[in-house]
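Remarks on the overall topology
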Amino acid sequence: MSDDVDGGDTVDERIVFDPDSNLDKYTYELLADHLARLIAAGRLQSNTPLPAERRLAAECGVSPGTARHATSVPRELGLVVTVRSKGTFRRRASCVG
């Protein structure tokens, strides 16, 4: 698969995730935790879109439903906001918390 699919993301910008890293949690919880860690570490900048759910699922080796469920957790925590037909974005740092 090309590194330039859906918006020109490069390999360095992809989200590296191991769905088998902890068998004590559901996969969506692991991915949600992973996304929260990326946000906390500054790897996802303010107002930066997360990959689309299908792309996130493909990159992380999970189903689209799992990716959708995983992105709902940081949304409920106020870390990201979803704009219909635009995507899910990391909120500005001043809005988080």
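Refer to the structure presented above.
Residue positions are counted from 1 within each chain, in the order its sequence is given. It should be noted that, the model being predicted, local features are given only for residues of pLDDT at least 70 and side-chain atom pairs only at 80 or more, the latter also being counted only at that level, while totals for whole chains, interfaces and linings use all residues. Hydrogens are left out, water is left out, and the side-chain values use all remaining heavy atoms of the structure.

1. Considerations on the overall build of the chain
Quick reminder of the rule: Numbering of helices and strands starts at the N terminus; helices are DSSP runs of H or I of at least 4 residues and strands are runs of E of at least 2. Residue burial is assigned from relative accessible area. The probe radius is 1.4 Å, only protein chains are included, and a residue is buried under 20% of its type maximum, exposed over 50%, and partly exposed in between. Contact definition: two residues touch when any of their heavy atoms are within 4.5 Å.
On a plain count of helices and strands, the chain comes out with 3 helices and 2 strands. In sequence order, the secondary structure elements of the chain are arranged as α-α-α-β-β. Per-residue burial for the chain yields a buried fraction of 32% across its 97 residues. Within the chain, contacts between residues at least 6 apart in sequence are counted, and of these 50% link residues at least 24 apart.

2. Comments concerning the packing of helix H2 (residues 53-60) against helix H3 (residues 64-76)
Filter applied, for reference: What counts as an axis is a line fitted to C-alpha atoms, over the stretch in contact for a helix, and the angles between N-to-C directions run from 0 to 180 degrees. In these notes the angle categories are as follows: under 35 degrees is roughly parallel, over 145 is roughly antiparallel, 65 to 115 is roughly perpendicular, and the rest is oblique. Here the nonpolar group is Ala, Val, Leu, Ile, Met, Phe, Trp, Tyr, Cys and Pro; Asp, Glu, Lys and Arg are the charged ones; every other residue, Gly included, is treated as polar.
Their axes nearest at 8 Å, the elements H2 and H3 cross at an angle of 110°. As judged from the angle between their axes, H2 and H3 are roughly perpendicular. The segment H2 lies against H3, with Glu53, Leu56 and Ala57 engaging Pro64, Ala67, Arg68 and Thr71. Taken together, the residues of the contact of H2 with H3 sort by class into 4 nonpolar, 1 polar and 2 charged.

3. Focus on the nonpolar core
We count it as follows: Residue types Ala, Val, Leu, Ile, Met, Phe, Trp, Tyr and Cys, when buried and joined through side-chain atoms within 4.5 Å, form a set referred to as a nonpolar core.
If you look at the biggest cluster of nonpolar residues, it comprises 17 residues, and the most contacted ones within it are Phe17, Leu31, Leu56, Cys60 and Val62. Listing elements by their share of this core, those giving two or more residues are helix H1 (27-40), H2 and H3. Here this core takes 6 residues from H1, the largest share from any one element. Leaving out residues up to four positions away in the same chain, valine 62 has contacts with Phe17, Pro19, Thr27, Leu31, Ala57 and Ala67.

4. Digging into the pattern of salt bridges
Where charged atoms from two side chains of opposite charge come close, those side chains can pair. Test applied: Should a side-chain nitrogen of Lys or Arg be within 4 Å of a carboxyl oxygen of Asp or Glu, the pair is scored as a salt bridge.
If you walk through the whole model with that rule in mind, you get 3 salt bridges. Glutamate 53 is the partner of arginine 68 in a salt bridge, and the nearest nitrogen-oxygen pair spans 3.1 Å. In this pair, arginine 68 is assigned in helix H3 and glutamate 53 in helix H2, connecting sequence segments 15 residues apart. Residue classification places arginine 68 among the partly exposed positions, given a relative accessible area of 45%.

5. Considering the layout of surface pockets
We count it as follows: Both cavities and pockets are sets of points on a 1 Å grid over the protein atoms alone; in a cavity a 1.4 Å probe fits but cannot get out, in a pocket the set is open with protein on both sides within 12 Å along at least five of seven lines, and lining residues sit with an atom within 4 Å of a point. Grid points are joined across faces, edges and corners, and a volume is the space filled by probe spheres set on the points.
Of the voids in this model, the second largest pocket is the one considered here, and its volume is about 170 Å³. As for the second largest pocket, its lining consists of 13 residues, and the residues nearest its centre are Pro51, Ala52, Glu53, Gly87 and Thr88. Those elements that provide at least two residues to the lining of the second largest pocket are strand E1 (80-83) and strand E2 (87-90). Residue composition of the lining of the second largest pocket, grouped by class: 5 nonpolar, 5 polar and 3 charged.

6. So, the packing of H1 against H3
Basically, it comes down to this: Handedness of a crossing follows from how the near helix is turned relative to the far one, being left-handed for an anticlockwise turn of less than a right angle and right-handed for a clockwise one.
The N-to-C vectors of H1 and H3 enclose an angle of 50°; their axes lie 8 Å apart at closest approach. In terms of axis orientation, H1 runs oblique to H3. Handedness of the crossing formed by H1 with H3: right-handed. For the pair formed by H1 and H3, the contact residues are Thr27, Tyr28, Leu31, Ala32 and Leu35 on the first element and Thr66, Ala67, His69, Ala70, Thr71, Val73 and Pro74 on the second. When its residues are assigned to classes, the contact of H1 with H3 shows 8 nonpolar, 4 polar and no charged.

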